[in-house]
Amino acid sequence: MNIIEKFKETAVSVLPIMGIVLLMGLTVIPLDRIILLRFMLGGFLLIVGLTIFLLGVDLGIQPMGERCGSELTKKRNLPLLLGSAFAIGFIVTAAEPDIQVFAEQVKGIYPFINKTVITFVIAAGVGLFIMLGLLRAVAGFSIKITLLIGYLIVFTFTFLTPQSFTGIGFDSGGATTGPMTVPFIMALGLGVSSVRAKSDGSFGLTGISSIGPVLAILIYGMILKTNGSFEMQAAQDLVQASQSSETFGIIIKNVFHESLMSVLPLLGLFFVFQLTLLKMTKRQVIRILIGFLYAFVGLTIFLTGVNCGFMQAGAELGRQLGQKAAENGGAWFALLIGTGVVLGAIIVCAEPAVWVLSEQVEQVSGGTIKRKFLLIFLSVGTSIAIGLAMWRAVAGFSLKYFLIPGYAAALILMIFCPNMFSAIAFDSGGVASGPLTSTFILSFTLGAAANASGNSDSFGVIALVAMMPLIAIQAMGIIFKIKQGGKHV
């Protein structure tokens, strides 16, 4: 990988976000100079960190995942493959920093929920559905039927579980797909499919694994037998928490720990598989270890940039826009939603896992599916999702009004969409809701909601971001199919 070229590409993704926030912060929505300086520093760290992280993925994480998937399949030992898949899914999810933060947010709003229990519930859901996803790939079962059955079950439980758990459940599906787990899960699926030699099995594992935590949380909500009428912590409190002025020393310490907890489980799995299954040469082992080191350093720099300036700037921008919209209405409401749409379209292109997915799609398709077109459709889907999230934030209506018709449309599109594009679409739903969306966009939305409507329902933003790419990428697939003269892809 050309690191200079990669640096230029990541800069092109992040710089427009910085330009928009800086322009608004100096004109219509004046932001404190300290906030703007920290935001600009954070943006520079994002670019550097993402570049180094992607280099580490190429050198270490992706080759390890593909090799593990390939070797496990070659053993022709189904219990070993499925048991390993569950263990991998459970371990990497339980250690994922996004899940720890998400569980803490849930506990902050519902104090009766145990953070450790909800973490293990989500991890078990991911592990189970990674296992089912690999079983589907080995058996050659249709990806479309698998997704259809999975989401029909999910929406059945949506009507049985307390309404307050709907947003939590669907948000957990996006929160599980972190910057370390997604590249490995995708590579694992590619490794299994390479042995099976089925093109439509190359993608879809991330999409299937995202169903697991949603279903697990919905079932957990039923077990708790709650009535959905709990007093929720005001969104303003959450926004204020996100704006706390931590020193760079504290931020770096926390980020270092988060990054370490993301890398160590995968590194531990690598040593276990190396001793028992892979048997790679010393040169290959050193290359993968160097890749892990790059990934760790890059992720640390990336998350430092996110936490040192992006979250605070997003929350303050949303807070001031929401306040002006509440006081003046009209054009300010349009500006609030429009800003969310523009930021959503741009910010998804800076997500680490989006880069990994788009590169794999172009590689596996032999260049037939261009990365730039995938990014365009993904940006359009995400921008619409953020616009809907902003609308809901200020209006305060039920999340189900969007989720049910949205997923119904996605499932109907599967009838007309080529298999590979349907699999890519459901993978995209998971990768689009990464650390930038979960921090900057979530903080922006919470800030707007707290001042525009006083809406305290903080869950559902990630769910909408995870939903819209399912529609957008499948629409791209149908267009591609028409241009190819209806040929099977």
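Right, let's walk through the structure included here. (Residues numbered from 1 in each chain as written. Predicted model: local features only at pLDDT ≥ 70, side-chain atom pairs only at ≥ 80, totals over all residues. Heavy atoms only, no water.)

**Observations concerning the overall build of the protein**
Then, number 1: Broken down by element type, the protein carries 19 helices and 0 strands.
Then, number 2: Every one of the 489 residues in the protein was classed for burial, and the buried ones make up 61%.
Then, number 3: The long-range fraction of contacts in the protein, counting pairs at least 24 apart against all pairs at least 6 apart in sequence, stands at 87%.
Then, number 4: Total accessible area computed for the protein in this model is approximately 18300 Å², and 66% of it derives from carbon and sulfur atoms. (Helix = DSSP H or I, 4+ residues; strand = E, 2+ residues; numbered from the N terminus. Buried < 20%, exposed > 50% of the residue type's maximum accessible area, 1.4 Å probe, protein only. Contact = heavy atoms within 4.5 Å. Areas by Shrake-Rupley, 256 points an atom, 1.4 Å probe, with all protein chains shown as cover.)

**Structural notes on the side chain of Q474**
Then, number 1: Along the chain, Q474 falls in helix α19 (residues 461–483).
Then, number 2: At a separation of 3.0 Å, a polar atom in the side chain of Q474 contacts the main-chain carbonyl oxygen of L470.
Then, number 3: The residues touching Q474, leaving out its near neighbours within four places in the chain, are A410, L413, M414, C417, F421, S422, A425, F426 and P469. (Polar contact = N/O pair within 3.5 Å; in protein donor to acceptor, adjacent residues only side chain to side chain.)

**Focus on the pattern of salt bridges**
Then, number 1: One pass over the structure, following the stated rule, counts 4 salt bridges.
Then, number 2: Taking the shortest distance from any N to any O, the salt bridge between K74 and E71 comes out at 3.9 Å. Of the two residues, K74 and E71 both sit in helix α2 (residues 33–74), 3 residues apart, roughly one turn of that helix.
Then, number 3: Where salt bridges share partners, they join R67, E71 and K74 into one cluster. (Salt bridge = Lys/Arg side-chain N within 4 Å of Asp/Glu carboxyl O.)

**Structural notes on α19**
Then, number 1: Over its 23 residues, α19 runs 34 Å from end to end, which matches the ideal 33 Å to within 8%, given 1.5 Å per residue.
Then, number 2: In terms of burial, α19 is a largely internal element, 18 of the 23 residues being buried.
Then, number 3: Once α19 ends, the next one or two residues include G485, with phi positive near 80°. (Expected span 1.5 Å × (residues − 1).)

**With respect to the packing of aromatic side chains**
Then, number 1: Under the defined criterion, the tally for this structure stands at 12 aromatic pairs.
Then, number 2: Residues F86 and F90 carry aromatic rings whose centres are separated by 6.1 Å and whose planes lie at 25° to one another, so their mutual orientation is stacked. Placement of the pair is F86 and F90 together in helix α3 (residues 78–94), with a separation of 4 residues, close to one helical turn.
Then, number 3: What makes F86 partly exposed here is its relative accessible area of 31%.
Then, number 4: The class of F90 is partly exposed, set by a relative accessible area of 24%.
Then, number 5: Where F90 meets F120, the ring centres are 5.7 Å apart and the plane angle is 40°; that geometry is what we call tilted. Note that F90 is positioned in helix α3 and F120 in helix α5 (residues 115–139), a separation of 30 residues in sequence.
Then, number 6: Using a relative accessible area of 44% as the deciding quantity, one classes F120 as partly exposed.
Then, number 7: Following the ring pairs from residue to residue traces out a cluster consisting of Y151, F155, F170, Y407 and F426. (Phe/Tyr/Trp six-rings, centres within 6.5 Å; stacked < 30°, edge-to-face > 60°.)

**A closer look at the packing of helix α6 (residues 143–158) against helix α17 (residues 419–431)**
Then, number 1: Relative orientation of the contacting elements α6 and α17 amounts to 40°, with a least axis distance of 9 Å. Taken together, the axes of α6 and α17 are oblique relative to one another. Of the residues in α17, those in contact with I143, K144, L147 and Y151 of α6 are N419, S422, A423 and F426.
Then, number 2: Among the residues forming the contact of α6 with α17, the class breakdown is 5 nonpolar, 2 polar and 1 charged. (Axes fitted to C-alpha atoms, helices over the stretch in contact; angles between N-to-C directions. Parallel < 35°, antiparallel > 145°, perpendicular 65-115°, else oblique. Nonpolar A, V, L, I, M, F, W, Y, C, P; charged D, E, K, R; others polar.)

**A few points about the environment of T437**
Then, number 1: By secondary structure assignment, the location of T437 is in helix α18 (residues 435–452).
Then, number 2: Given the relative accessible area of 1%, T437 is considered buried.
Then, number 3: Sequence separation between T437 and I386 is 51 residues, and the spatial gap between their C-alpha atoms is 9.6 Å.
Then, number 4: Excluding anything up to four places from it in sequence, T437 contacts I347, E351, A432, L442 and V465.

**Points about the nonpolar core**
Then, number 1: Core analysis: the biggest nonpolar cluster contains 136 residues, and L403 and L464 have the highest contact counts within it.
Then, number 2: No other element matches the 16 residues that helix α12 (residues 282–328) contributes to this core.
Then, number 3: Among residues more than four places away in sequence, those in contact with L464 are A385, L388, A389, L399, F402 and L403.
Then, number 4: Residues V106, I113, I122 and I168 belong to the second largest nonpolar core, which totals 15 residues. (Core = buried A, V, L, I, M, F, W, Y, C linked by side-chain atoms within 4.5 Å.)

**Observations concerning the side chain of S358**
Then, number 1: By the secondary structure assignment, S358 is in helix α14 (residues 352–364).
Then, number 2: Residue classification places S358 among the buried residues on the basis of a relative accessible area of 1%.
Then, number 3: Residues contacting S358, with those up to four places away along its chain left out, are R371, L374 and L375.

**So, the packing of α6 against helix α9 (residues 205–224)**
Then, number 1: Two elements in contact, α6 and α9, have axes separated by 9 Å at closest approach and are oriented at 20°. Our classification of the angle between α6 and α9 gives roughly parallel. As α6 packs across α9, the resulting crossing turns out to be left-handed. Mapping the contact onto sequence places I143, T146, L147, G150, Y151, I153, V154, F157 and T158 in α6 and G207, I208, I211, V214, L215, L218, I219 and M222 in α9.
Then, number 2: Grouping the amino acids of the contact of α6 with α9 by side-chain chemistry returns 13 nonpolar, 4 polar and no charged. (Left-handed = near helix turned anticlockwise from the far one by under 90°.)

**Let's talk about unusual backbone geometry**
Then, number 1: You will see that R76, though not glycine, has its phi angle at about 50°, which is positive.
Then, number 2: As for its placement among the helices and strands, R76 is situated in the loop between α2 and α3.

**What about a nonpolar patch on the surface?**
Then, number 1: Together, L78, F86, L128, L132 and L135 make up a nonpolar patch on the protein surface, roughly 360 Å² of accessible area in all.
Then, number 2: A per-element tally of the nonpolar patch places α5 first, with 3 residues.
Then, number 3: The exposure class assigned to L135 is partly exposed, which follows from its relative accessible area of 31%. (Patch = residues over 30% accessible without salt bridge, like charges linked within 9 Å, V, L, I, M, F, W, Y side chains within 5 Å.)

**What about the environment of V461?**
Then, number 1: The topology assignment puts V461 in helix α19.
Then, number 2: Along the sequence, V461 and L388 sit 73 residues apart, while their C-alpha atoms lie 8.8 Å from each other.
Then, number 3: Ignoring anything within four residues of it in the chain, the contact list for V461 reads D171, A389, I441, L442 and T445.

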